[in-house]
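A closer look at the structure
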Amino acid sequence: MNPPGGSTRVTARTDSPEATRALASALAELARPCDLLLLVGDLGAGKTAFTQGFGRGLGVDDQITSPTFALVQSYTGRLDLYHLDVYRLEQINEALDLGLSEMLDDDSVTIIEWGDTITRALPRDYLEVRITFGEEDEDRVLELTPVGSRWQARMRAVGIALASWTGAEDVARGPEDGVEPC
Ligand code: ADP
Ligand code: MG
């Protein structure tokens, strides 16, 4: 449960790949030029599914696929999107060789799968999205933690945008059974 007010971390839950895409699409509404997101989580957690939904929210029409072999793909949308998967990088320098700093300076949004492995090469201003497996096959827990001020300032808005997946809506509305509106 997310404490009200000054909470910095938002925790959400999804129960299908489409729900993860829908959540990410809602988050993308809050995206601004030069934003950076790091996606953390084991293989199959849903990092690429999240990116597909995020792209949809940015108005990207092209199909977003895993960039594991290409390492970086770019897409055109309301904001352009760079999608990196650095799982196979052996050295942090390789991330810089990909032109990472140019991407971050561009008026685009950059999403990096396995980004926690290269944080030393990144600005300390990003949203970390950590995806873990829940109880059932398709359950996932997404923990969104702002690092630095860019996303910190938006976490209230993030909590509101993701209310369908954080349970906050239910809390605000109270139990549904037999409760008449005033
Ligand atoms: P990653 O990029 O983290 O390795 P992918 O997004 O490529 O993961 O794959 C996630 C897999 O898990 C897909 O096969 C997807 O259908 C499945 N899946 C099941 N439930 C979910 C969920 N709630 N969110 C995201 N993916 C899910
Ligand atoms: Mg992936």
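Calculation notes
Residues numbered from 1 in each chain as written. Chains lettered and ligands numbered in written order. Predicted model: local features only at pLDDT ≥ 70, side-chain atom pairs only at ≥ 80, totals over all residues. Heavy atoms only, no water. Donors = N, O, S within 2.8 Å, 3.2 Å for Na, K, Ca; no water. Helix = DSSP H or I, 4+ residues; strand = E, 2+ residues; numbered from the N terminus. Buried < 20%, exposed > 50% of the residue type's maximum accessible area, 1.4 Å probe, protein only. Expected span 1.5 Å × (residues − 1). Phe/Tyr/Trp six-rings, centres within 6.5 Å; stacked < 30°, edge-to-face > 60°. Lys NZ or Arg CZ within 6 Å of the ring centre and 35° of its normal. Salt bridge = Lys/Arg side-chain N within 4 Å of Asp/Glu carboxyl O. Core = buried A, V, L, I, M, F, W, Y, C linked by side-chain atoms within 4.5 Å. Contact = heavy atoms within 4.5 Å. Near = heavy atom within 4 Å. Polar contact = N/O pair within 3.5 Å; in protein donor to acceptor, adjacent residues only side chain to side chain. Areas by Shrake-Rupley, 256 points an atom, 1.4 Å probe, with all protein chains shown as cover.

Describing the coordination of the magnesium ion (ligand 2)
The protein atoms that coordinate the magnesium ion (ligand 2) are Thr48 (OG1) and Glu113 (OE), at distances spanning 2.2 Å. Note that Thr48 is positioned in helix H2 (residues 47–57) and Glu113 in strand S5 (residues 109–113), a separation of 65 residues in sequence. Taking the relative accessible area as the measure of exposure, Glu113 reaches 3% and is therefore buried.

Focus on helix H1 (residues 17–28)
With 12 residues, H1 should reach 16 Å at 1.5 Å per residue; the first-to-last C-alpha distance of 17 Å fits that figure. Taken as a whole, H1 has its buried residues at Ala19, Thr20, Leu23, Ala24, Ser25, Ala26, Leu27 and Ala28.

Section: the packing of aromatic side chains
Enumeration over the complete set of coordinates arrives at two aromatic pairs. Over the aromatic face of Trp151 sits the side chain of Arg154, whose NZ or CZ is 4.0 Å from the ring centroid.

Section: the pattern of salt bridges
For the structure on display, the rule yields six salt bridges. The partner of Arg21 in a salt bridge is Glu18, and the shortest N-O contact between them spans 3.5 Å. With Arg21 and Glu18 both in helix H1, this residue pair falls three residues apart, about one helical turn. Overall, Glu18 belongs to the partly exposed group, its relative accessible area being 39%. Between Arg56 and Glu18 there is a salt bridge, with its nearest N and O atoms 3.1 Å apart. Of this pair, Arg56 sits in helix H2 while Glu18 sits in helix H1, placing them 38 residues apart in sequence. Residues joined in a network through salt bridges with shared partners are Glu18, Arg21 and Arg56.

So, the nonpolar core
If you look at soluble globular proteins, the nonpolar side chains tend to sit buried side by side. Core analysis: the largest hydrophobic core is formed by 32 residues, its most contacted members being Leu27, Leu37, Phe50, Phe54 and Leu144. For this core, the leading source of residues is H1, giving six residues. The residues touching Phe54, leaving out its near neighbours within four places in the chain, are Ala24, Ser25, Leu27, Ala28, Ala31, Leu37, Val109 and Ile111. By size, the runner-up hydrophobic cluster in this structure holds 17 residues, among which are Tyr82, Leu84, Met103 and Trp114.

A short note on the site of ligand 1
Neighbouring ligand 1 are 15 residues, the closest being Thr20, Gly44, Lys47, Ala49 and Glu138. In this structure, Thr14 approaches ligand 1 through a side-chain N or O atom, which is 3.2 Å from a nitrogen atom. A distance of 2.8 Å is found between a nitrogen atom of ligand 1 and a backbone nitrogen or oxygen belonging to Glu138. Coverage of ligand 1 by the protein amounts to 74% of the 570 Å² it exposes when considered alone. Those elements giving two or more residues to the shell around ligand 1 turn out to be H1 and H2.

Some points on the environment of Gly53
Summarising the element assignment, Gly53 is placed in helix H2. Judged by its relative accessible area of 0%, Gly53 is buried. When the C-alpha positions of Gly53 and Ala28 are compared, they lie 8.3 Å apart, and in sequence the two are 25 residues distant.

A short note on H2
Most of H2 is tucked away: nine of the 11 residues are buried. Buried within H2 we find Lys47, Thr48, Ala49, Phe50, Thr51, Gly53, Phe54, Gly55 and Gly57. In this fold, the buried residues of H2 make contact with H1, strand S2 (36–40), strand S4 (81–85), S5, strand S6 (126–133) and strand S7 (140–147). The positive-phi residue at the C-terminal boundary of H2 is Gly59, with phi of around 80°.

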